[in-house]
Every structure is written in C-alpha cells, then in structure tokens.
Amino acid sequence: MSGGGNEGGCLWRPCQRRLHKGPLLSCPHRTSDPPTPPPAGKTASPGTLLLSLRVLVPQEKEFEHDIPEDLGPLQFVKLRKHHSLVDNAWFCDHITVQGPVAFQEATFPCYRWVQADSVLCLPEGTARLAGNNALDVFQKHREKELKERRQIYCWATWKEGLPLTIAAGCEDDLPANMRFHEEKRLDFEGTLKAGALEMVLKHVYTLLSSWNCFEDFDHIFWGQKNTLAEKVRQRWQDDELFGYQFLNGTNPMLLRRCTSLPSRLVLPSGMEELRTQLEKELQNSSLFEADFILLDGIPANVIRGEKQYLAAPLVMLKMDTSGKLLPMVIQIQPPSPSSPTPPLFLPSDPPLAWLLAKSWVRNSDFQLHQLQYHLLNTHLLAEVIAVATMRCLPGLHPVFKLLIPHIRYTMEINTRARTQLLPDGGIFDKAVSTGGGGHVHLLRRALAQLTYCSLCPPNNLADRGLLGTPGALYACDALRLWEITARYVEGIIHLFYRGDDIVRGDPELQAWCREITEVGLCQAQNRGFPISFQSQNQLCHFLTMCVFTCTAQHGAINQGQLDWYAWVPNAPCIMRMPPPTTKEDVTVATVMGSLPDVRQACLQMVITWHLGRRQPDMVPLGHHKEKYFSDPKAKSVLNQFQTDLENLEREITARNEQLDLPYEYLKPSLIENSITI
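Residues numbered from 1 in each chain as written. Predicted model: local features only at pLDDT ≥ 70, side-chain atom pairs only at ≥ 80, totals over all residues. Heavy atoms only, no water.

Chemist: Would you mind showing me how to read the overall build of the chain here?
Modeler: Within the chain, the secondary structure is distributed over 19 helices and 17 strands. Counting the 677 residues in the chain, one finds 58% classified as buried. In the chain, the share of contacts with a sequence separation of at least 24, taken over all contacts with a separation of at least 6, comes to 74%. For the chain, the exposed surface amounts to about 26,700 Å²; the carbon and sulfur share of it is 53%. (Helix = DSSP H or I, 4+ residues; strand = E, 2+ residues; numbered from the N terminus. Buried < 20%, exposed > 50% of the residue type's maximum accessible area, 1.4 Å probe, protein only. Contact = heavy atoms within 4.5 Å. Areas by Shrake-Rupley, 256 points an atom, 1.4 Å probe, with all protein chains shown as cover.)

Right, here's the structure in full:
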C-alpha cells in the first residue's frame, strides 16, 4: 500500500463460524497478542506483510493493528503460528489491510487452517490467470502451491471401474482444510447416536406388537417425520401418488415420454384392449415409461443367511387431461428364456396383487435413486470435481474462486459414506436389496451410462421428452435454476476470459478439464465429457453443470428422502420374498412378508431422516460468507445471482400456495451451497 501507514483488521473466534462481516482473521483458539509485523531487522520480503500468531487458550478476539511505516504495494501476507505447548491449529478466514488513503484496501483470502509452525503465504485476492501476471512472483507462487497440493490431494481407487476418490481411508486421513468444522462434526455424530437410540426404542416398542398388517408400520411411525410424510402414510396406496413421485418425488430422473412401445413389453393374447389403450396414449403423446432394466441380473443381498430379492420392473403410465400421471401396467421382470411372457399387472387386478406390483416398483426406484442418481451422479461426481480443483487450480485462479464454496465438506461426507454406509457389513449390507456387493455392480453399470448431457437439465429433460410437461415441477424449477446459475457463471467467466483464445491458452484450466474427464471419471470422453475447452461457451456450460450438480441437483435428489421414505411401505429398501408370478394368491401376508421387517424398517427411517433433514450449519445456495473474489465486478455478479435466486424463491412460494403437495426441494433457500450430507 502506498502512503505513510497501514492498519490491519483481524478477528479470532471459536467454532469456525462464518457469521461476521468486515475485515477479519479467524481462529478457533485464543491468542495472547494480536498478530504482529516482523520486528526491526527481520522484515518480510518486498511486498509482503508477515503476521505471527501466538496461541494460549481458546477464545474469540477482534482487533486492529497500526503499522507506522509505508509497506508499499502489498502482494502477499505471510501468516505464521508460533508453536506452543498445546499445539492447537488456527482457522483464518481472511485478512484486510487498509491503507492511509480512503478506500485503499487490500484483501487476502485464506479460509484455511494454520498449523504447527507452518507459514501460509496469502496472495492479494485479485483473481489472475496463469501467464498474464504483471509480476512473476505470482506465477512462482501458484506453481509452488499446486506442487504442494498435488502431494496432499491424491487420487485413490475405491472400487475398480468406479470414479476415483480422494485418498483417505477414513475422515481422519483427509486434508485438514476438507474436514468438517466442529459444529458440523458434533451434529453429524450426535444425530447418528440419536438415530441409533430411536431405532432401539422402536424395536423394543414392537417386541410385544404384531407385524402382520400395514397398520403395524404405525408402531414405528413416530419421532422424526413431517407433514408430507404423514400424507404419504395416508395415500401411499393411491395410483395418483404413485405416478406423482415419478415427476416430483425424490427421484424425478427416470421417467420419460414414449415415442414407441418398449420392446420388452410383451403383451400376451387376451390383452388387445390394453394394447389399444397404450397405442392411443402413444398417439396423443401422453404415454410415459419408467424402465428399471439397469437392475436386471444384479445380485441381491443375503442378510443373516436369508436371501433377499431384486427385480427390474417396467411401468407404463398415462397423463390424463387434468395432468395426473397414472399407471396403466407393470411388468415386474423383463422377458427371459424361462419366462418369455412375464405376467403383467393392471389396476383392475385384485387390489393386493396390484399393490404388491407397485411395491416392487418403489423398491427398485429406491435402489436406482440411492445409487445411480444420488451417490454416483451427485456425490461421486462432486468429489471428482473437488479433487481435480484442488490438484489443478491455484487459489488465484478465477475458476477456483468460483468453485471452492461449492465443494465444502464434500470429501468428508463421501469418505464417511464409504466407511459407514457402504463398506462390508455397513448399512447397505444390513438393510438394502443391493447390499452385499450388488451396489458395486449397479454403480459400474450406471457409470457406463453416465453421459455429460444427462447431467445438464436442458439436455436431459429434452431427451426424456419432459419439457413443458404439465405438473412436472422438478423439471420446471430445475430449468429455471440452471438458467440462473448459467448467468452467474457467465458473469464471472467473462470478467477474466475476454475471448475463446484465452480459454484455449489457459494451461491450468485445460489440465483441470483433463483431470476430471480422463483421470477422475476414468476416460469419460467417449460419453461426451470434454478433454479440453475451446470456447467461453463450452467452459461456461461445463462450469454450470459443476455448480448445478453440487447444489440444486443434489438438493432435488437428497431432500425428499424423509418425506417419501419415512413411511417404509411407500419405498421399501428391501424385498424379502421373490416377485409374484400369479395374482390370485397374493394376500396381506404375502405383501407384509415381502416388505422390510421391523429392524430393516427402523433402520430405513433413521437413515433417511439423518440424510434428508436440514443441516444446522446449512449455507443456502449463493450465500456463502467466504470472500474469495476481491474484484468489485465479481462481487456485483454474485449479488445479482442472489437477487435472481430471491426472485425465483418468491415465484415458487406463490405457486406452492396453490398446490396440495408443494414442491420445495428446489426453493433456493433450501438448496445447500455444496454437498455436505
């Protein structure tokens, strides 16, 4: 900074909360003194201010420090923590330095831990591309930063044939800057314990109760539930609610409009009337299908020595003139040599046979939702984006600054999923049809079908024929959010890439693209993922996909779990009897014997509450407190993004007031800014 003096503003605080405005330096532990500049004779390098931290005991402290001499134009702040007997780490948000001239201020983003005797070198917060820096010192800094990051953020193979992950055997192996902060960790682990206790209490409560009719599920339907879950309990047998879930439930990703009758739908003689009805709906463009063929041949789980069962159903649905989506026919299993004409189940069949057929569909939807559309298409993809970002983009890069708020906590929640939810003997093995290894087979199949276009709502919804479909609330809201996110991304990118040649000439950006497609996603270029960026538009589209996947798409897929899965018969995690081959023999005992037992049902309720509930430290989309960009123009783009989201929020709220079943999963205020659960 030029002029006769400078002053720095800092704030120390516990719990790593980001609730403060203005210049600050944050830390979860106390300091005996504020940071001090280097003593006389021990100045930092030119253009650099050195702040030293001395730690005693935890506290929050705010201060300003005057520096009498002129420091000149500041390029870096070096931050060092003195070693103490109690070697506690500090967390620094950012540092601002105010010059003697009004409005002359330099900001140094950090948002990292300061550990042991380490020194953090923080460049001034202006985003810079490689190769167009005014001073070579920034180029050296970014090269050194990436070299260090590549040693810290390493790839690992979780399962052969699946996307690569961060190299961490458990959450304690993760880089410190990717860990849950204390508030998040305590809540996550505390709710797991509370859920385990609730599960024990429910199991004990049912020991002296019967478990032979649907009403017996009421014995465990207490504790964590909500208004929509109660409506599901009351209406789960209705065809209208069954069809509604394909459009606006927790998995709106499978339904597609038919352009022809599916080849697997073999209609036996005597069903000419059904064929006529199907062809009529087809001609009217009101025929839809949900095909679970991806599950065909996947090995089913074995729990405590008892075989469980899987199916690969096909559902044909029609949309009536009032916009209701209603099932017409269900084929539970595809044709096979042993069953070339598998039975078809109709709404006119005996009620229990029709209900059991729908239960098989809902069980299959549970499997694809959790593994293909939730775990793979959001969690694992976001982790690939996160690891590649940390390995290839330095903190000065504008794309790093754009993406870093959207990868918060993702590495830890995924690591915990691999060590708690999905390992041998984990929750999937205990209570899910695809547990015991089937889930890995299914994920491999799903990855082989994962295309770049399928992750982009304009392409995906057009491919599935759902654009403009009445009552398709996910589709409507997803398109609006995609457009708003795209404007935000374009606004940021156009500040730093003034032409396609600058995009093509950015070596860090191109390396990041290759790292995602060729390394993290295991050579995904044959499925449409780019291996280079040739234009601004191509880059903006890809970044919009990244932000949308880490925010809105995960919100749409994750938030509905408690609503739709808490009443277990609506979406059974497991089926304990083989699919029916006849209709007349289906009884209540048949259906209850197929649905999860008490233990499995309790586990499903507890886990879906834990995963689907609103997080206490939730950061809404676009409202992160971290200030990575110091450029006023970039801040203005973010402000406009927030305004656009607020306008959409009002539109969705007004629409929902007119609906019996409000669709809220894509309300911006309920969408988390990253995948944290």
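Chemist: I tried to follow the environment of Tyr497 on my own but got confused; where do I start?
Modeler: In this fold, Tyr497 is placed in the loop between helix H12 (473-496) and helix H13 (500-504). Owing to a relative accessible area of 0%, Tyr497 belongs among the buried residues under this scheme. Sequence separation between Tyr497 and Gln536 is 39 residues, and the spatial gap between their C-alpha atoms is 7.2 Å. Beyond its immediate sequence surroundings of up to four residues, Tyr497 is in contact with Leu129, His397, Pro398, Val399, Ile502, Val503, Asp506, Leu509, Gln536 and Leu539. Within the structure, the side chain of Tyr497 is placed 2.5 Å from the side chain of Asp506, a separation counted as a polar contact. (Polar contact = N/O pair within 3.5 Å; in protein donor to acceptor, adjacent residues only side chain to side chain.)

Chemist: I tried to follow the packing of helix H14 (residues 507-520) against helix H15 (residues 536-558) on my own but got confused; where do I start?
Modeler: What describes two packed helices is the angle between their axes and the distance between those same axes. Relative to each other, H14 and H15 sit at 50°, their axes nearing to 13 Å. What the angle tells us is that H14 and H15 run oblique. The element H14 and its partner H15 pack so that their crossing is left-handed. Here Leu509, Trp512 and Ile516 of H14 come into contact with H15, specifically with Leu539, Phe542, Leu543 and Cys546. Of the residues belonging to the contact of H14 with H15, the class tally is 7 nonpolar, no polar and no charged. (Axes fitted to C-alpha atoms, helices over the stretch in contact; angles between N-to-C directions. Parallel < 35°, antiparallel > 145°, perpendicular 65-115°, else oblique. Left-handed = near helix turned anticlockwise from the far one by under 90°. Nonpolar A, V, L, I, M, F, W, Y, C, P; charged D, E, K, R; others polar.)

Chemist: Any chance you could explain the layout of surface pockets here in plain terms?
Modeler: Leftover empty space is mapped by rolling, across the atoms, a probe with the size of a water molecule. When its volume is computed, the largest pocket comes out at roughly 1,100 Å³. Contributing to the lining of the largest pocket are 43 residues, with Arg112, Leu120, Glu145, Arg149 and Asn177 lying nearest its centre. Within the residue set of the lining of the largest pocket, elements represented by two or more residues are strand S7 (105-114), strand S8 (119-123), helix H1 (136-152) and helix H7 (398-403). Counting residues per element, the lining of the largest pocket draws most heavily on H1, at 8 residues. (1 Å grid on protein atoms, 1.4 Å probe; cavity = no way out; pocket = protein on both sides within 12 Å on 5 of 7 lines; lining within 4 Å. Points joined across faces, edges and corners; volume = space filled by probe spheres on them.)

Chemist: In this structure, what is going on with the pattern of salt bridges? I would like to understand it.
Modeler: Any two side chains of opposite charge can pair if their charged atoms end up close together. This structure, assessed with the given rule, holds 33 salt bridges. Glu508 serves as the salt-bridge partner of Arg142, at 2.7 Å between the closest nitrogen and oxygen. Of this pair, Arg142 sits in helix H1 while Glu508 is found in helix H14, placing the two residues 366 residues apart along the sequence. Accessibility assignment for this pair places Arg142 and Glu508 in one class, buried. Its salt-bridge partner being Lys324, residue Glu240 comes within 3.6 Å of it at the nearest N-O pair. (Salt bridge = Lys/Arg side-chain N within 4 Å of Asp/Glu carboxyl O.)

Chemist: Just checking my understanding: could you explain helix H19 (residues 632-656) for this structure?
Modeler: Because each turn of an α-helix spans 3.6 residues, side chains separated by three or four positions in sequence point in the same direction. With 25 residues, H19 should reach 36 Å at 1.5 Å per residue; the first-to-last C-alpha distance of 36 Å fits that figure. Among the residues of H19, Ala634, Val637, Leu638, Phe641, Gln642, Asp644, Leu645, Leu648, Glu649, Ile652, Arg655 and Asn656 are the ones counted as buried. In this structure, the buried residues of H19 make contact with H12. The N-terminus of H19 is capped by Asp631, whose side-chain oxygen sits 2.9 Å from the backbone nitrogen of Lys633. (Expected span 1.5 Å × (residues − 1).)

Chemist: What is the right way to read unusual backbone geometry from this model?
Modeler: Excluding glycine, most residues fall at negative phi; most peptide bonds, likewise, are trans. Look at Tyr409: it is not a glycine, yet its phi comes out positive at around 70°. Along the polypeptide, Tyr409 turns up in the loop between H7 and helix H8 (410-421).

Chemist: Looking at this structure, how should I read the environment of Pro394?
Modeler: Among the structural elements, Pro394 can be located in the loop between helix H6 (351-392) and H7. Sequence separation of Pro394 and Arg142 is 252 residues, and the distance between their C-alpha atoms is 5.5 Å. Once residues lying within four places of it in the same chain are set aside, the contact partners of Pro394 are Arg142, Glu145, Leu146, Arg149, Phe400 and Glu508.

Chemist: Mind showing me how you'd approach a nonpolar patch on the surface here?
Modeler: A surface patch of nonpolar side chains, about 290 Å² in accessible area, is lined by Leu197, Leu201 and Trp222. Position of Trp222 relative to the elements: it lies in the loop between helix H2 (182-205) and helix H3 (227-235). (Patch = residues over 30% accessible without salt bridge, like charges linked within 9 Å, V, L, I, M, F, W, Y side chains within 5 Å.)

Chemist: What is the right way to look at the sheet that holds strand S16 (residues 325-331) in this model?
Modeler: Strand pairing in a sheet is mediated by backbone hydrogen bonds. Such pairs are either parallel or antiparallel. In space, the 5 strands of this open sheet follow the order S11-S12-S15-S16-S17, with antiparallel pairing throughout. The open sheet is flanked by strand S11 (256-257) and strand S17 (344-345), the only strands paired with a single partner. Bridging between strand S12 (residues 287-291) and strand S15 (residues 314-319) involves 5 bridges; their strand directions are antiparallel. Along S15, the bridge assignment pairs Ala290 with Val315. Each of S12, S15, S16 and S17 touches helix H5 (residues 272-283); the most contacted strand, S16, lies at about 135° to it. On the sheet, H6 packs against S15, S16 and S17 and is oriented at approximately 90° with respect to S16. (Pairing = 2+ DSSP bridges.)

Chemist: Help me understand the packing of aromatic side chains in this model?
Modeler: Two aromatic rings, taken as a pair, are described by how far apart their centres are and by the angle between their planes. The tally for this structure, following the rule as stated, stands at 21 aromatic pairs. Centroid distance Tyr244 to Trp564: 6.0 Å. Interplanar angle 35°. Geometry classified as tilted. With Tyr244 in helix H4 (residues 239-248) and Trp564 in helix H16 (residues 561-565), the pair connects residues that are 320 residues apart, well separated along the chain. Given a relative accessible area of 18%, Tyr244 falls into the buried group. Classification of Trp564 by relative accessible area gives buried; the value is 1%. Three or more aromatic residues joined by ring pairs make a cluster, and in this case those are Tyr452, Trp512, Phe529, Phe533 and Phe542. In this arrangement the basic side chain of Arg613 is found over the ring face of Trp609, its NZ or CZ atom lying 5.6 Å from the centre. (Phe/Tyr/Trp six-rings, centres within 6.5 Å; stacked < 30°, edge-to-face > 60°. Lys NZ or Arg CZ within 6 Å of the ring centre and 35° of its normal.)

Chemist: I tried to follow empty space enclosed by the protein on my own but got confused; where do I start?
Modeler: Evaluated as defined, the whole model comprises 4 cavities of 30 Å³ or more. Considered as a void within the structure, the second largest cavity measures approximately 60 Å³ in volume. Listed by contribution, the elements that provide at least two residues to the lining of the second largest cavity are H4 and H6. In the lining of the second largest cavity, the residues fall into 4 nonpolar, 3 polar and 2 charged.

Chemist: Teacher, can you tell me more about the pairing of S16 here?
Modeler: Successive residues of a regular strand alternate their side chains across the two faces of the sheet. Of all 7 residues making up S16, 6 are buried, and the element is well covered by its neighbours. Where S15 and S16 come together, 6 bridges link them in antiparallel fashion. For Met319, the partnering residue across the bridge sits in S16 and is Leu325. Where S15 folds back onto S16 in an antiparallel hairpin, the turn is made up of 5 residues, including Gly323, whose phi is positive at roughly 90°. Here 2 bridges tie S16 to S17, and the two strands are oriented antiparallel to one another.

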